[in-house]
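# What the coordinates show
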Amino acid sequence: MKLNAAMLISLLAISPLCADEPIDIGSRRELMIDDYLIESTSDSLRLQLHKPVRRNVALVTDAPWEGNACAYSSLFKDGDRYRMYFTANHYVNHEGRVEEPHGRHLCYAESVDGIHFTKPKLGLVEFDGSKQNNIVLGPDTIPGVRIDPGHTTILKDTNPDCPPDARYKAIVRSPVKGERGLFALKSPDGFRFSRLGNKLIITDGYFDSENLAFWDAVRGEYRAYFRDFHDGLPGRGGIRGIKTATSPDFITWSKAEWLEYPGAPHEHLYTNQIAPYARAPHIFIGFPNRYTDRGWVDSTGKLPGLEERKVRAKASPRYGSGVTDALMMTSRDGLTFKRWGEAIIRPGRSRTNSWVYGDNIISWGILPTKSDLPQSPDELSIYAIEGYWTGKSQNFRRYSIRVDGFVSAQAPLSGGEFVTKPIVFKGSQLELNYSTSAAGSIHVEIQDAEGKPIPDHTLADCHEIFGDEIQRTVAWKNGESVKQVEGTPVRLRFVLKDADLYSFRFH
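What you are looking at is a predicted structure, and each value in this text was computed from that prediction instead of being measured. (Residues numbered from 1 in each chain as written. Predicted model: local features only at pLDDT ≥ 70, side-chain atom pairs only at ≥ 80, totals over all residues. Heavy atoms only, no water.)

## Describing the nonpolar core
- Counting residues in hydrophobic clusters, the biggest one holds 33 residues, and the most contacted among them are Phe 418, Leu 432, Phe 494, Leu 496, Leu 501 and Phe 504.
- Within the residue set of this core, elements represented by two or more residues are β1 (23-26), β30 (407-411), β32 (423-425), β33 (430-448) and β35 (490-506).
- At eight residues, the largest contribution of residues to this core is made by β35.
- Discounting chain neighbours no more than four positions away, the residues touching Leu 496 are Leu 45, Ala 409, Ala 411, Pro 412, Gly 415, Gly 416, Phe 418, Ser 441, Ile 442 and Leu 501.
- By size, the runner-up hydrophobic cluster in this structure holds 32 residues, among which are Ile 171, Ala 184, Phe 214 and Trp 215. (Core = buried A, V, L, I, M, F, W, Y, C linked by side-chain atoms within 4.5 Å. Buried < 20%, exposed > 50% of the residue type's maximum accessible area, 1.4 Å probe, protein only. Helix = DSSP H or I, 4+ residues; strand = E, 2+ residues; numbered from the N terminus. Contact = heavy atoms within 4.5 Å.)

The structure is reproduced here in structure tokens:
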């Protein structure tokens, strides 16, 4: 891919040439998701992962053509509505084997608020003699190719040069023996799809999970993420992992590379759900599904649904003993990720629809939604499945979290602080997304590159900040302006007491 000057500057700002060179953050928002900008901290300050709040059931997959094994889904806001595409399947345990009585489909739902979804009758694909359903794709709906709708992701292509007839795209797995890989489909409306190109676009993977791709506006390229196996094949010691590839046109893709997770243990990861974070698109956020199987130990027999668990185990022991939860990971280059070991969604206390192999798969897509608290700012919603494989249907459960609120720099009431590496910014004010207790506070000092406080912007000059706001402009005794040091290498010193700092930016 040929880089123009603007793209090169952007990439250099994300990855500085050397440790001593100031990091140019411009006016972009920086989330406290890692220590990339941090040079020093006190022992009492830490980066804290926050858990989303369990909310309502947004959708139940209870139509005859849907079922209890609708594992993968993609969501995005499209104009005045929210779109949701989900794979539809049903598992039945029968005499020691797993059956799929009606096969796999890709279905559609939509919402005006991202909180409750409905299923329109699309009239596209026939099921049991009728097209009065919400099915978008079946195994034989694309002329000239057989597809696996059960491993399909839909995206809206945000590339400004994308042709109108390919504004919506699908990543579809081939089910043909000896032809493992991904097809690309295109659509002008998100409902009627056709082939994009005449061959598989990616073949270097196993692809038995949710395979996805998107336009990376910061780097000017498409990125794909999909599953493969490290060190062997399924059932032969292989560890489920994630690969990535890039493309200038969605047709020709680079050689796939394994994602790297410095300091993280080797764990089975089913999905990846990676995408640029909308408010800071230079940062990638993913929600992999983690698979853990301890075998049939004492606690396995004390989990919910023991009899059903035993029935599933007759098909394969791991179907009864395996459990899954959701993790979070972040990256600044799309290849090396900080992966949090603690689950962002746990299986939970409920004795129904919980602790099942396949549960807690998070949908691909973070949606802005309204808060149910009076006069509160919008929040973010993510969605995860529950009740997988246990009844006649499953739930898509909504979870909410504050904007930018996945990770914070957090300190106790006794205090904590951190100082950034030298940065260069563009703007005249410093804005924080933060929360404190009634007794807590945040102060900010601007220093020169050598760490000397800049007059009128010292810690003593900073007005005490307390409250809970998504956007708060920092003020010093002489005002809010930082224009006099714009474009100059500076450091920021943040001093927190019983407070969380989620993000900051200059504007």
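Having put the structure on the table, let's press on.
## Examining the packing of aromatic side chains
- This model, assessed by the stated rule, comprises 28 aromatic pairs.
- The interplanar angle of 25° and the centroid separation of 5.6 Å between the aromatic rings of Tyr 319 and Tyr 357 together place this pair among those described as stacked. With a gap of 38 residues between them, Tyr 319 in helix α3 (residues 317-321) and Tyr 357 in the loop between β26 (337-339) and β27 (367-369) connect regions that are remote in the sequence. Exposure class is identical for Tyr 319 and Tyr 357. Each is buried.
- For the ring pair Phe 425 and Phe 506, a centre distance of 3.7 Å and an interplane angle of 10° mean the geometry is stacked. Linking Phe 425 in strand β32 with Phe 506 in strand β35, this pair joins segments that are 81 residues apart in sequence. Just as Phe 425 is buried, Phe 506 falls in that class too.
- Sitting over the ring of Tyr 270, Arg 227 keeps its end group 4.5 Å from the ring centre.
- Between Arg 339 and the ring centre of Tyr 261, over which it is positioned, the NZ or CZ distance is 4.6 Å. (Phe/Tyr/Trp six-rings, centres within 6.5 Å; stacked < 30°, edge-to-face > 60°. Lys NZ or Arg CZ within 6 Å of the ring centre and 35° of its normal.)

## Considerations on the pattern of salt bridges
- In the structure shown here, the tally under the stated rule is 41 salt bridges.
- Residue Asp 62 pairs with Lys 119 through a salt bridge whose shortest N-O separation is 3.1 Å. You can see Asp 62 sitting in the loop between β5 (53-60) and β6 (73-78) and its partner Lys 119 sitting in the loop between β10 (105-111) and β11 (135-137), a full 57 residues away along the chain.
- On the accessibility criterion, Lys 119 (27% relative accessible area) is partly exposed.
- Asp 165 is the salt-bridge partner of Lys 186, the closest N and O atoms lying 3.1 Å from each other. With Lys 186 in strand β14 (residues 182-187) and Asp 165 in the loop between β12 (148-156) and β13 (168-173), the pair connects residues that are 21 residues apart, well separated along the chain.
- Its relative accessible area of 37% is what places Asp 165 among the partly exposed residues.
- Connected through salt bridges with shared partners, the residues Arg 29, Arg 279, Asp 404, Glu 431 and Arg 505 form a single ionic network. (Salt bridge = Lys/Arg side-chain N within 4 Å of Asp/Glu carboxyl O.)

## Overview of the side chain of Ser 354
- Checked against the element boundaries, Ser 354 lands in the loop between β26 and β27.
- Residues in contact with Ser 354, not counting those within four places in the same chain, are Pro 304, Pro 347 and Asp 359.

## Quick look at the sheet that holds β13
- In space, the four strands of this open sheet follow the order β12-β13-β14-β15, with antiparallel pairing throughout. Edge positions in the sheet fall to β12 and β15 (194-195), since each has one partner strand and no second.
- Pairing of β12 with β13, which is carried by six bridges, proceeds in the antiparallel orientation. Bridge pairing in β13 places Leu 155 opposite Lys 169. (Pairing = 2+ DSSP bridges.)

## A look at the side chain of Ser 174
- By secondary structure assignment, the location of Ser 174 is in the loop between β13 and β14.
- What makes Ser 174 buried here is its relative accessible area of 6%.
- A polar atom in the side chain of Ser 174 sits 3.1 Å from the backbone oxygen of Glu 179.
- Excluding residues within four positions of it along the chain, Ser 174 makes contact with Arg 146, Glu 179, Gly 181, Phe 183 and Leu 200. (Polar contact = N/O pair within 3.5 Å; in protein donor to acceptor, adjacent residues only side chain to side chain.)

## Here's the deal with the sheet that holds strand β28 (residues 379-386)
- Taken in spatial order, the four strands line up as β5-β29-β28-β27 in an open sheet, and their pairing is antiparallel. Each of the sheet's edge strands pairs with one partner strand only, and the pair in question is β5 and β27. Strand after strand, the sheet turns through a mean of 40° between neighbouring axes, direction not considered.
- Alignment of β5 against strand β29 (residues 395-402), held across five bridges, turns out to be antiparallel. Its bridge partner being in β29, Val 60 is matched across the sheet by Asn 395. (Axes fitted to C-alpha atoms, helices over the stretch in contact; angles between N-to-C directions.)

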